[in-house]
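Overview (structure and organization)
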Amino acid sequence: MAVRSIHGACPHDCPDTCGLTIEVEEGRAGARARALRGAASHSTTRGWLCTKVRDYLDWVYHPERLLTPLRRCGKKGKGDFTPISWDEALAEIAARWTAILATEGGAALLPYSYSGTLGLLQMSVASSRLWNRLGASGLERSICGAAAEAAVRATLGARFAPRLDDLRRCKLLVLWGHNPASTAPHSMAAIREAQRAGCELVVIDPRRTRSAKTADLHLAPRPATDAALALALIHIFEAEGAIDWPYLHQHAIGAEELLARARSFTAERVAAITGLEGEAIVDLARRMARRKPMMIKIADGLQRHGNGGQLVRAVACLPALLGQIGKRGGGLFYTTSDTLRWNRDAVGHADDPACPPTPRMVNMNRLGAALTSSSELGDGPPIRALYVFGANPAASAPNAGLIARGLARDNLFTVVHELFLTDTARYADIVLPATSQLEQLDLHKGYGHHQLTLNQPAIPPRGEARSNWDAQRAIAAALGLDEPWLRADGEQVLREILAASASQPALAGVDYQRLVAEGTVEMALADDYVPFADGVFPTPSGKIELYCEGLAEQGLDPLPAHHPPSELADDQPTEGAGPLVLISGAAHAFINSSLVPLARLQRLEGPPTVELHPNDAARRGIEDGQHVRVYNERGGLELVARVTDTIRPGVAFSTKGRWGRCSTDGRNVNWTTPDALADLAGQSTFHSNQVWVEAATEDLKPPRG
Ligand SMILES: Nc1nc2c(c(=O)[nH]1)N[C@H]1C(S)=C(S)[C@@H](COP(=O)(O)OP(=O)(O)OC[C@H]3O[C@@H](n4cnc5c(=O)[nH]c(N)nc54)[C@H](O)[C@@H]3O)O[C@H]1N2
Ligand SMILES: Nc1nc2c(c(=O)[nH]1)N[C@H]1C(S)=C(S)[C@@H](COP(=O)(O)OP(=O)(O)OC[C@H]3O[C@@H](n4cnc5c(=O)[nH]c(N)nc54)[C@H](O)[C@@H]3O)O[C@H]1N2
Ligand code: SF4
Ligand SMILES: [Mo]
């Protein structure tokens, strides 16, 4: 039997963006993928995949895969559907949308998509072209890292990050509210090498995470107090003469103002705010000032707080004050996302004369409110049609109880394009079957490294599944839209975007043919590339903006500040059985709510739990393994208590991304999380979540895995 080897890309929202090698067997029944490995030739992947994606073939060939379009035949949310043909599904979608657009206008249609795949074609193009042409409501895509993006751009001008390899040169590496051992596993190889070469590893996280377990120093501040901590460090840098004035004079504005701001943040005061020892804060400042190169690595979890924007601003200023930006092995490692920007018009064609202006933006963190409250949408029409793809908002978006109520509306026509009957798909009027990454073409730009990977389809679509772009091309045709850029196939679209983006320096020498031939291609950066080493900062002043006039113009604080989020006052009680701060971060074995159907991963993760410090558990009469109710005014759910001293007192932890069906009560942690927006860029605030925890009194069935 003939066996072919195909080069692909992991589509998930993970900074590693691994290269995949897929072995495909050409049998009598057609092509079948028989093995999937990390690409040996990919310099980040180096031949191994994380535990989540190792069994990707079981996901591709999972018995619960959706293989035909479905029409709802029971109550919304029940999950009763009958199979229909694509022609029927397309005709119904076209008829319903045409009527809604005619009576209420494009604003009544909302596309909702996020991180099922990060591909240029299946995410970026599929999230823009058709919706621009229809004049649909725009989606403010701020669920993940909007505040950090805005904060880092305000400070440094762009999200550039060092080469992953240069982590090996750090002498001090601070993982600040970031858990790469679970969320960016391939960076751990470089971190371990750095440690072997004498780098000290510091982790700042209210939990002793997998990453913290091997750190030289772990500090566990109270959640959302990190800006205060950073300001205290700045104050100590000044007091101890550690500020790199020659660097700042040349490359930064606002240092004097920032130092003045920081002076009231004494170690003593900040010890009370953060719950850390004053000496520990001084010790951290000294380590940072003495051990250079010094790098701070953050991701997006840190800033999911009401004060997340200012928090990241404060942290981002630290390496600048020590002159570490632009130094090999030093600086800020957030994301490489701005190294290469795809040509926006080629991606979305928003400026095409056929496209009406976008009538309004709907913040994805406010989906429940947008579906249920007229005041949320101002003067505009209510949302009458929702098209969800590559996302599972009923499980992954905040205040999920409100989303469930909105999705249950009878006068909402919901289409969900999915591989599985997720919590969201159960509410659909029409479900469309989606291809997996093995069945679709795409191009992936890593955000934790500087590589581009072409994902070639390895096998034909399973059943009648279609890719995001192919489904939307078919809808465009059913609506009678005939712009060539809505008809073009995936390869034509990718070629068009590559050609239109060719002036980007990072794309020098990269074209479609080369991607086909090589699979993974390094961006064209100098061998000795270090971000900002040239002293060029794409901010309005051309310098690092410790003081940022652009923020002041938006009515925001131009200097990093510490204001506790409204839900988490600085005087959070740690006595009695009062509220706890519930952090709901990444699970080790799932990626958001994707891959939850995989039985091995369910076994690895076990039933959905809430981690509690022994003191907090004892105060509430809760024992390890006991069923508890976790709730607040938004909603509640039942979880299994895990009593552990890996979490600081006053804080609880439960992983994000479980499907409701994993729990006894059909709910997941997002029934409690806030849909309030952060101080910057409409950011989500999942972790600024105050909950009450108590032993469940009723006799509950054990949760399913
Ligand atoms: N295994 C796995 N990997 C993933 C994902 C996944 O679901 N599973 N999701 C992917 C996605 S979409 C993203 S955005 C990234 C996120 O990647 P990370 O940011 O690394 O992961 P998170 O778990 O969201 O958050 C990191 C840590 O922030 C801590 N934290 C929360 N609040 C605070 C605070 O106020 N201060 C400090 N110092 N720390 C705080 C949490 O305890 C948590 O350990 O991971 C990606 N990778
Ligand atoms: N409590 C809490 N909740 C959080 C967070 C948190 O920290 N705490 N983090 C948030 C973050 S960082 C993020 S990024 C969001 C992620 O939230 P979402 O973007 O909604 O991600 P998932 O929940 O993984 O849902 C993705 C869905 O896309 C489907 N899918 C995969 N590939 C394809 C494809 O090619 N086509 C189509 N049509 N579908 C596909 C998968 O089956 C899956 O059901 O979650 C957020 N939710
Ligand atoms: S989830 Fe991340 S680490 Fe795992 S295979 Fe995908 S890109 Fe690699
Ligand atoms: Mo994310």
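Residues numbered from 1 in each chain as written. Chains lettered and ligands numbered in written order. Predicted model: local features only at pLDDT ≥ 70, side-chain atom pairs only at ≥ 80, totals over all residues. Heavy atoms only, no water.

Remark on secondary structure: sheet strands pair via backbone hydrogen bonds, oriented parallel or antiparallel. With antiparallel pairing, the three strands of this open sheet are ordered in space as 1-2-3. The two strands at the open ends of the sheet, each matched to only one other strand, are strand 1 (2-9) and strand 3 (30-38). Each neighbouring strand pair of the sheet contributes to a mean axis angle of 25°, computed without reference to strand direction. The sheet contact formed by strand 1 and strand 2 (residues 19-27) spans eight bridges and is antiparallel. In the strand pairing of strand 2, glycine 8 is matched with leucine 20. (Pairing = 2+ DSSP bridges. Helix = DSSP H or I, 4+ residues; strand = E, 2+ residues; numbered from the N terminus. Axes fitted to C-alpha atoms, helices over the stretch in contact; angles between N-to-C directions.)

This paragraph deals with the pairing of strand 12 (residues 294-297). Of the two faces of strand 12, the one holding Met294 and Ile296 and the one holding Met295 and Lys297 are both buried throughout. In this sheet, strand 12 lies alongside strand 8 (residues 172-176) in parallel orientation, the contact comprising four bridges. Residue pairing in the sheet places leucine 173 in a bridge with methionine 295 of strand 12. Between the parallel pair strand 12 and strand 13 (residues 331-333), the chain is carried across by helix 14 (residues 308-321), and the sense of this crossover is right-handed. (Buried < 20%, exposed > 50% of the residue type's maximum accessible area, 1.4 Å probe, protein only. Right-handed = clockwise from strand over helix to strand, strands pointing away.)

The next subject is the site of ligand 2. Taken together, 33 residues are adjacent to ligand 2, and Ser396, Glu418, Ser584, Ser593 and Ser594 come closest. In this structure, serine 584 approaches ligand 2 through a main-chain N or O atom, which is 2.7 Å from a nitrogen atom. Expressed as a share of its isolated accessible area of 920 Å², the protein-covered part of ligand 2 is 98%. Its residues placed into classes, the shell around ligand 2 shows eleven nonpolar, 18 polar and four charged. (Near = heavy atom within 4 Å. Polar contact = N/O pair within 3.5 Å; in protein donor to acceptor, adjacent residues only side chain to side chain. Areas by Shrake-Rupley, 256 points an atom, 1.4 Å probe, with all protein chains shown as cover. Nonpolar A, V, L, I, M, F, W, Y, C, P; charged D, E, K, R; others polar.)

As a structural note, the neighbourhood of ligand 3 is formed by Cys10, Cys14, Asp16, Thr17, Cys18, Leu49, Cys50, Lys52, Val53, Pro185 and His186. The residue inventory of the shell around ligand 3, partitioned by class, reads seven nonpolar, two polar and two charged.

Next up on the list: the confidence of the model for the protein. The pLDDT averaged across the protein works out to 96; a share of 98% of its residues lies at or above 70. Below pLDDT 50 for its whole length, residues 700-705 participates in 20 contacts with residues either more than four positions away or in separate chains. (pLDDT = per-residue confidence, 0-100. Contact = heavy atoms within 4.5 Å.)

For the rest of this paragraph, the subject is the sheet that holds strand 13. The parallel open sheet is built from five strands, whose spatial order is 10-9-8-12-13. Of all the strands in the sheet, just strand 10 (217-219) and strand 13 have a single pairing partner and so form its edges. For this sheet the average axis-to-axis angle between neighbouring strands, irrespective of direction, equals 20°. Here strand 8 runs beside strand 9 (residues 200-204); their pairing, made up of five bridges, is parallel.

Attention now moves to the side chain of glutamate 567. By secondary structure assignment, the location of glutamate 567 is in the loop between helix 23 (549-553) and strand 22 (580-583). Only 2.8 Å separates the side chain of glutamate 567 from the side chain of arginine 634, close enough to count as a polar contact. Of note is the side chain of glutamate 567, whose polar atom sits 2.9 Å from the backbone nitrogen of glutamine 690. What glutamate 567 contacts, discounting residues up to four positions off in sequence, is Arg634, Pro674, Ser688, Asn689 and Gln690.

Turning to the packing of helix 2 (residues 86-104) against helix 19 (residues 468-478), a few remarks are in order. Between helix 2 and helix 19, the shortest axis-to-axis distance is 9 Å and the interhelical angle comes to 60°. It follows from the interaxial angle that helix 2 and helix 19 lie oblique. Like other packed secondary-structure pairs, helix 2 and helix 19 cross with a definite hand, here right-handed. Only Ala471, Ala474, Ile475 and Ala478 of helix 19 make contact with helix 2, whose side of the interface consists of Trp86, Leu90, Ile93, Ala94 and Trp97. Split by residue class, the contact of helix 2 with helix 19 holds nine nonpolar, no polar and no charged. (Parallel < 35°, antiparallel > 145°, perpendicular 65-115°, else oblique. Left-handed = near helix turned anticlockwise from the far one by under 90°.)

Turning next to the pairing of strand 17 (residues 430-433). Regular strands have side chains that alternate between both faces of the sheet. Residues Ile430 and Leu432 of strand 17 are buried on one face, and the alternating residues Val431 and Pro433, pointing to the opposite face, are buried as well. As defined by bridge partners, strand 16 (residues 413-418) adjoins strand 17 across four bridges and the pair is classed as parallel. Looking at the pairing, histidine 417 lines up with leucine 432 of strand 17.

With that settled, consider the environment of methionine 288. With respect to the helices and strands, the residue methionine 288 is situated in helix 13 (residues 278-290). Measuring from C-alpha to C-alpha, the distance between methionine 288 and leucine 173 comes to 8.8 Å, with 115 residues separating the pair along the chain. Those residues within four positions of methionine 288 in sequence are excluded, and the remaining contacts are Leu172, Val174, Leu233, Phe237, Met294, Ile296, Leu318 and Leu322.

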